[in-house]
Amino acid sequence: MKLNPKFLVHETNGEHYMVSTGDTEFKGITKNNETAAFIIDCLKEDTTVKEITDKILNEYNVTDEKIVEQDINYIIEKLRKIGAIEE
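Novice: Residue-level account of the pairing of strand E4 (residues 29-32), with values.
Specialist: Of the two faces of E4, the one lined by Thr30 and Asn32 is fully buried and the one lined by Ile29 and Lys31 carries no buried residue. For strand E3 (residues 15-20) and E4, the ladder comprises four bridges, and the chain directions are antiparallel. Bridging from a neighbouring strand, His16 pairs with Asn32 of E4.

So this is what it looks like as structure tokens:
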């Protein structure tokens, strides 16, 4: 899976945004926290939940893999609902 190229990612002044282009069903902007932005950044290339989990475990001081995986799946499901994920 990966980020739909019709969604643009932008960071300004430490704020993370994702903007849909005019050619998407979802018309709008999402403001993302740092974790969601990290996951979205991982989705710029074809990846899996396991690969994203491993990257988060290496990047942040967390050890509970199941909780990390649940959080990733939650964010990915939100992204799927707005059409931001390509399978």
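Novice: Quick one: what's the story with the packing of helix H1 (residues 34-42) against helix H2 (residues 49-59), residue by residue and with numbers?
Specialist: Interhelical geometry of H1 versus H2 gives an angle of 130 degrees and a closest axis separation of 10 Å. On the basis of their axis angle, the class for H1 and H2 is oblique. Remark: the crossing between H1 and H2 carries right-handed chirality. Within the contact between the two elements, H1 uses Phe38, Ile39 and Cys42 and H2 uses Ile52, Lys55, Ile56 and Glu59. Looking at side-chain class alone, the contact of H1 with H2 contains five nonpolar, no polar and two charged residues.

Novice: Could you give me a rundown of the pairing of strand E2 (residues 7-12), with the residues and numbers involved?
Specialist: Of the pairings in the sheet, the one linking E2 to E3 comprises six bridges and is antiparallel in character. Note on E3: the bridge partner recorded for His10 is Tyr17. Following E2, the chain reverses through two residues before pairing antiparallel with E3; Asn13 in that reversal takes a positive phi of roughly 50 degrees.

Novice: Now, about helix H3 (residues 65-81): what can you tell me, with residues and values included?
Specialist: When the terminal C-alpha atoms of H3 are compared, their 24 Å separation across 17 residues agrees well with the 24 Å that a helix rising 1.5 Å per residue should span. Along H3, the positions that sit buried rather than exposed are Val68, Ile72, Ile75, Ile76 and Leu79. Buried residues in H3, looked at end-on, bunch into an arc of 100 degrees, giving them a common side. Facing away from the buried side of H3, by more than 90 degrees, are the exposed residues Lys66, Gln70, Tyr74 and Lys81. Looking at the buried positions of H3, the neighbouring elements they touch are E3, H1, H2 and strand E5 (85-86).

What counts, and where the lines are drawn
The residue count restarts for each chain, going from 1 along the sequence in the order it is written. Where totals are concerned, whole chains, interfaces and linings use all residues; where local detail is concerned, this predicted model gives features only for residues with pLDDT of at least 70, and gives and counts side-chain atom pairs only at 80 or more. To obtain the side-chain values, all non-hydrogen atoms of the structure were included, while hydrogens and water were left out. Only protein chains enter the calculation, and the probe is 1.4 Å; a residue is then buried if its accessible area is under 20% of its type maximum, exposed if over 50%, and partly exposed in between. In this text, helices come from DSSP runs of H or I with a minimum length of four residues, and strands from runs of E with a minimum of two, each type numbered from the N-terminal end. Strands are treated as partners if at least two bridges between them are detected by DSSP. Lines fitted to the C-alpha atoms define the axes, with helices restricted to the stretch that makes contact. Angles between their N-to-C directions range from 0 to 180 degrees. An angle counts as roughly parallel when it lies under 35 degrees, as roughly antiparallel when it exceeds 145, as roughly perpendicular when it falls between 65 and 115, and as oblique in every other case. Note: crossing handedness is left-handed where the near helix turns anticlockwise from the far helix by less than a right angle, and right-handed where it turns clockwise. Contacts between residues were defined by any pair of non-hydrogen atoms, one from each residue, lying within 4.5 Å. Each residue is assigned to one class: nonpolar for Ala, Val, Leu, Ile, Met, Phe, Trp, Tyr, Cys and Pro, charged for Asp, Glu, Lys and Arg, and polar for all the others, Gly among them. The length a helix should cover is 1.5 Å for every residue beyond the first. Regarding the arc, it is the one traced by the directions from the helix axis to the C-beta atoms.

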